[in-house]
Amino acid sequence: MDLFEEILNVPTDEGEMAVVIKQPVGSPATGRSWPTVMIMIDAPGIRKATHEFMAKLASSGYRVITPDLHHRQGRMVHVEPEQAAADPSLRGNVKGWIAAMTDEQIQRDIDQALAATGVVHSSLGTIGFCLGARAVVQAMARLPDQFVCGAGWHPSFLADNKADSPHRTPEQIVGDLYLGIGDADQVQSIAMHQRFLDATAEMPNVDVDIWAGADHGFTWPGYATYNKAASEGSWTKTIAMFERNLTPYATIRGS
């Protein structure tokens with residue numbers, strides 16, 4: 001499927017933020033617009049693997065928007081795996097980017113991206129990787145009429161000791177939530193998520209898969225941590241969730 005791609009330069013109070021958009025060329029058979037999915041990035045930023053995942057999702061019939069949550073560090077800063085392998089100090093940069101982020105900043109970025117891309121308040125899905133999964137849960141709780149479903153793959157920070165930790169208010173998650181977690185995650189173990197898993201265990205709208213042998217970052221083909229079963233299985237579950245929840249003609253301003 002041919003794709004249309006663009007990068008919006010969105011002014012914010014904290015500097016310009018890039019928002020990457022990929023969607024199929026043309027319109028669906030309905031003559032309306034493609035349903036929209038927002039991607040919440042992981043720690044290494046918008047990189048080649050992110051673009052490839054966006055293209056795969058867009059080719060499945062979605063308008064995919066990805067705000068650069070690291071924009072306060074520079075324009076679309078990122079680290080490729082081969083760069084980190086050649087210069088391990090770059091991993092320290094990535095940790096610094098994470099430490100500099102706050103939940104409030106990320107949620108503001110989400111609002112700015114929604115406004116800039118003209119998404120009206122209906123039938124929006126989202127996927128978050130690593131720290132992006134926390135952003136997914138918080139966005140779904142804060143804007144339940146917009147983010148009607150979401151997924152977190154190899155999530156991070158679903159439970160901590162902060163007052164706004166996602167595990168403290170599970171009842172605010174009203175849309176369908178899918179989580180794919182590796183039982184061999186060396187960054188965010190199952191034990192680190194346990195309070196969130198316990199809080200949502202009886203919620204019928206929360207679906208959790210524990211993938212045997214999968215490490216953190218299992219999504220990305222070509223990476224040392226790639227796990228085919230976990231990546232493809234999480235994809236299948238997530239797409240099925242989108243098909244249940246998102247109309248084939250999510251309204252975009254100006255369509």
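Figured I'd write up the structure that's included with this text. (Residues numbered from 1 in each chain as written. Predicted model: local features only at pLDDT ≥ 70, side-chain atom pairs only at ≥ 80, totals over all residues. Heavy atoms only, no water.)

**Description of the pairing of strand β3 (residues 36–40)**
Our working definition: Only protein chains enter the accessibility calculation, which uses a 1.4 Å probe. A residue is then buried if its area is under 20% of the maximum for its type, exposed if over 50%, and partly exposed in between. Elements are defined by DSSP. Helices are runs of H or I of four residues or more, strands are runs of E of two residues or more, and each kind is numbered from the N terminus. Only strands joined by at least two bridges in the DSSP assignment are considered to pair. A clockwise path from the first strand over the helix to the second, with the strands pointing away from the viewer, defines a right-handed crossover.
The buried count for β3 comes to 5 of 5 residues, which makes it a mostly enclosed element. In β3, alternate side chains face the same way, and those of T36, M38 and M40 on one face and V37 and I39 on the other are all buried. Note: β3 against strand β4 (residues 63–67), 3 bridges, orientation parallel. Paired with M38 across the strands is I65, a residue of β4. For the crossover that starts at β3, traverses helix α1 (residues 48–58) and ends in the parallel β4, the hand is right-handed. In this sheet, strand β5 (residues 124–130) lies alongside β3 in parallel orientation, the contact comprising 5 bridges. When the bridges of β5 are listed, I39 appears paired with I127.

**Details of the packing of aromatic side chains**
Quick reminder of the rule: Aromatic pairs are defined between Phe, Tyr and Trp rings, using the six-membered ring for Trp, whenever the two ring centres lie within 6.5 Å; interplanar angles under 30 degrees are classed as stacked, those over 60 as edge-to-face, and all others as tilted.
Within this structure, the stated rule accounts for 8 aromatic pairs. Where F129 meets W153, the ring centres are 5.6 Å apart and the plane angle is 85°; that geometry is what we call edge-to-face. Taken together, the residues span a long stretch of sequence, with F129 in strand β5 and W153 in strand β6 (residues 147–155) at a distance of 24 residues. Aromatic side chains W153 and F218 sit 6.5 Å apart centroid to centroid with 20° between the ring planes, which places their arrangement in the stacked category. Placement of W153 in strand β6 and of F218 in the loop between β8 (206–211) and α7 (228–245) is noted, with a sequence separation of 65 residues between them. The residues W153 and F218 share a single accessibility class, namely buried. One aromatic cluster in this structure is built from F53, F129, W153, F218, W220 and W235.

**Here we look at the packing of helix α4 (residues 103–117) against helix α5 (residues 131–142)**
Note the following rule: Orientation is described by lines fitted to C-alpha atoms, with helices fitted over the stretch in contact, and by angles between N-to-C directions that extend from 0 to 180 degrees. Working rule for angles: under 35 degrees goes down as roughly parallel, over 145 as roughly antiparallel, 65 to 115 as roughly perpendicular, anything else as oblique. The handedness criterion is simple: a crossing whose near helix is rotated anticlockwise from the far helix by less than a right angle is left-handed, and one whose near helix is rotated clockwise is right-handed. Every residue pair with non-hydrogen atoms within 4.5 Å of one another is taken to be in contact.
Here α4 crosses α5 at 65°, and the two axes come no closer than 10 Å. Between α4 and α5, the angle is such that the two are roughly perpendicular. Every pair of crossing elements has a handedness; the one defined by α4 and α5 is right-handed. Residue-level contacts link D103, I106, Q107, I110 and D111 of α4 to R134, A135, Q138, A139 and R142 of α5.

**Section: the pattern of salt bridges**
Rules: Salt bridges are defined by distance alone: a side-chain nitrogen of Lys or Arg within 4 Å of a carboxyl oxygen of Asp or Glu.
Under the definition given, this model contains 13 salt bridges. D160 serves as the salt-bridge partner of R134, at 2.8 Å between the closest nitrogen and oxygen. With R134 in helix α5 and D160 in the loop between β6 and β7 (176–182), this pair connects stretches of sequence that are 26 residues apart. According to the relative accessible area criterion, D160 is buried, its value standing at 17%. Of the charged contacts in the structure, one is a salt bridge between K228 and E232, with a shortest N-O distance of 3.2 Å. Of this pair, K228 and E232 both sit in helix α7, 4 residues apart, which is roughly one turn of that helix. Judged by its relative accessible area of 37%, E232 is partly exposed.

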